[in-house]
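What follows is the residue order along each chain.
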Amino acid sequence: MKILCSDLEGTLAPEIWQEIGKEFKVPELDLTTRDIADFDKLMSTRMLALEKNKISFETLSEFLESIEPFDGAKDFLNSINSHYQIIIVSDTFYELCMPVVKKLGNFPIFCHHLKINNGFIVGYEKRQEAPKKNVVKGFQSMDFECFCIGDSYNDIQMIDQSSGAFIFAPQEIRDSRTDIINFDNYNDLRSHLLNE
Ligand SMILES: [Mg+2]
């Protein structure tokens, strides 16, 4: 049994920060790892934007319940589940992603934590450095074979650590690594994974 390490945002569900940005009309929240590859820099921008707009965690939580997975994402995961154990590996936060993760079928997810104080997000705690690569290394140390999928720069570290593919990656990310196989729909990726 192999393990499929799948990214969440941009791969199985929309970018959560972008959805928040649209809902609360905060353009700074539209930026993602596709725009700013440096995660800490990206998070500082997000924290500052939330503070400036006085958006509480409770307000965010209510909205998060309305975020839906990508069309076909849940069926895709279910259709490969007897061939791959599925683990979601993401640079999102438990406090933001659990509603959409539940809708996908509640697969295990490894991500980060937000720090919440007096009802507002005040910071974050990264689970570890190079978190995606280290998840794959961990599984390899237990003799598991991993296939990794994602849409952005931060997924390359796990694809390079084992094997994998891009899905829904924008052109500039595909161009940055033409050696990584790319898919633009779940059906083709499924065929590749099941070797059909
Ligand atoms: Mg992504």
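Quick summary incoming for the structure in this document. (Residues numbered from 1 in each chain as written. Predicted model: local features only at pLDDT ≥ 70, side-chain atom pairs only at ≥ 80, totals over all residues.)

1. Some remarks on the overall build of the protein chain
The test is simple: Helix and strand assignments come from DSSP, with helices taken as H or I runs of at least 4 residues and strands as E runs of at least 2, each series counted from the N terminus. Each radius of gyration reported is based on C-alpha atoms, and the globular scaling rule is 2.2 Å times the count of residues to the power 0.38. Residues are called buried when their C-beta atom has 20 or more other C-beta atoms within 10 Å, exposed when it has 12 or fewer, and partly exposed otherwise; all C-beta atoms are positioned from the backbone. Residues are scored as being in contact if the C-beta atoms we place from backbone atoms lie within 7 Å.
The helix and strand inventory of the protein chain stands at nine helices and seven strands. Over its C-alpha trace the protein chain gives a radius of gyration of 16 Å, about what one expects of a compact globule, namely 16 Å for 196 residues. The C-alpha extent of the protein chain, read off along each of the three principal axes, is 50 × 35 × 30 Å. Out of the 196 residues in the protein chain, the part that is buried amounts to 36%. Sequence separation of 24 or more characterises 54% of the internal contacts of the protein chain that already satisfy a separation of 6 or more.

2. Some thoughts on helix 6 (residues 131-141)
Operational definition: Arc, as used here, means the arc of the directions from the helix axis to the C-beta atoms.
When we look at burial in helix 6, the residues that qualify are Lys132, Lys133, Val135, Val136 and Phe139. The arc enclosing the buried residues of helix 6, seen along the axis, measures out at 160 degrees, which places them on a common side. Directly beyond the C-terminal end of helix 6, a positive phi value near 70 degrees is found at Asp143.

3. As for the pairing of strand 2 (residues 84-93)
Here is the rule: Pairing between strands is defined by DSSP: at least two bridges between the two strands are required.
Of the pairings in the sheet, the one linking strand 1 (residues 2-6) to strand 2 comprises five bridges and is parallel in character. The residue of strand 2 that forms the bridge with Ile3 is Gln85. Sheet topology places strand 2 next to strand 3 (residues 109-117); three bridges connect them, and they run parallel. Across the sheet, residue Phe93 finds its bridge partner in strand 3, namely His112.

4. Description of the packing of helix 4 (residues 73-80) against helix 9 (residues 186-194)
Let me state the cut-off plainly: Axis angles are defined between N-to-C directions and span 0 to 180 degrees, where every axis is a line fitted to C-alpha atoms and, for a helix, only to the segment in contact. Reported orientations rely on four angle classes, namely roughly parallel under 35 degrees, roughly antiparallel over 145, roughly perpendicular from 65 to 115, and oblique for the rest. Think of it as three bins: nonpolar holds Ala, Val, Leu, Ile, Met, Phe, Trp, Tyr, Cys and Pro, charged holds Asp, Glu, Lys and Arg, and polar takes everything else, Gly as well.
Running from amino to carboxyl end, helix 4 crosses helix 9 at an angle of 10 degrees, the nearest separation of the two axes being 11 Å. Relative to helix 9, the element helix 4 lies roughly parallel. Along its contact with helix 4, which presents Phe76, Ser79 and Ile80, the element helix 9 presents Tyr186, Arg190, Leu193 and Leu194. Here the contact of helix 4 with helix 9 is built from residues that sort into five nonpolar, one polar and one charged.

5. Quick notes on the sheet that holds strand 3
Spatially, the seven strands line up as an open sheet ordered 4-3-2-1-5-6-7, and their pairing is mixed. Each of the sheet's edge strands pairs with one partner strand only, and the pair in question is strand 4 (120-125) and strand 7 (181-183). Taking each pair of neighbouring strands and ignoring which way they run, the sheet shows an average axis angle of 30 degrees. The pairing of strand 3 with strand 4 spans five bridges and is antiparallel. Within the sheet, the bridge partner assigned to Lys115 lies in strand 4 and is Gly123. Against the sheet, helix 6 makes contact with strand 1, strand 2, strand 3 and strand 5 (146-150), and its axis sits at roughly 160 degrees relative to strand 5, the strand it touches most.

6. Regarding the nonpolar core
Heads up, the rule is: In plain words, the nonpolar core is the set of buried Ala, Val, Leu, Ile, Met, Phe, Trp, Tyr and Cys residues that C-beta atoms within 7 Å link up.
Judged by nonpolar contacts, the single largest core of 46 residues is most densely connected at Cys5, Cys97, Val136, Cys146, Cys148 and Met158. Here the element with the most residues in this core is helix 5 (residues 94-104); it accounts for five residues. Excluding its chain neighbours within four sequence positions, the residues that come into contact with Val136 are Cys5, Cys146, Cys148, Met158, Gln161 and Ser162.

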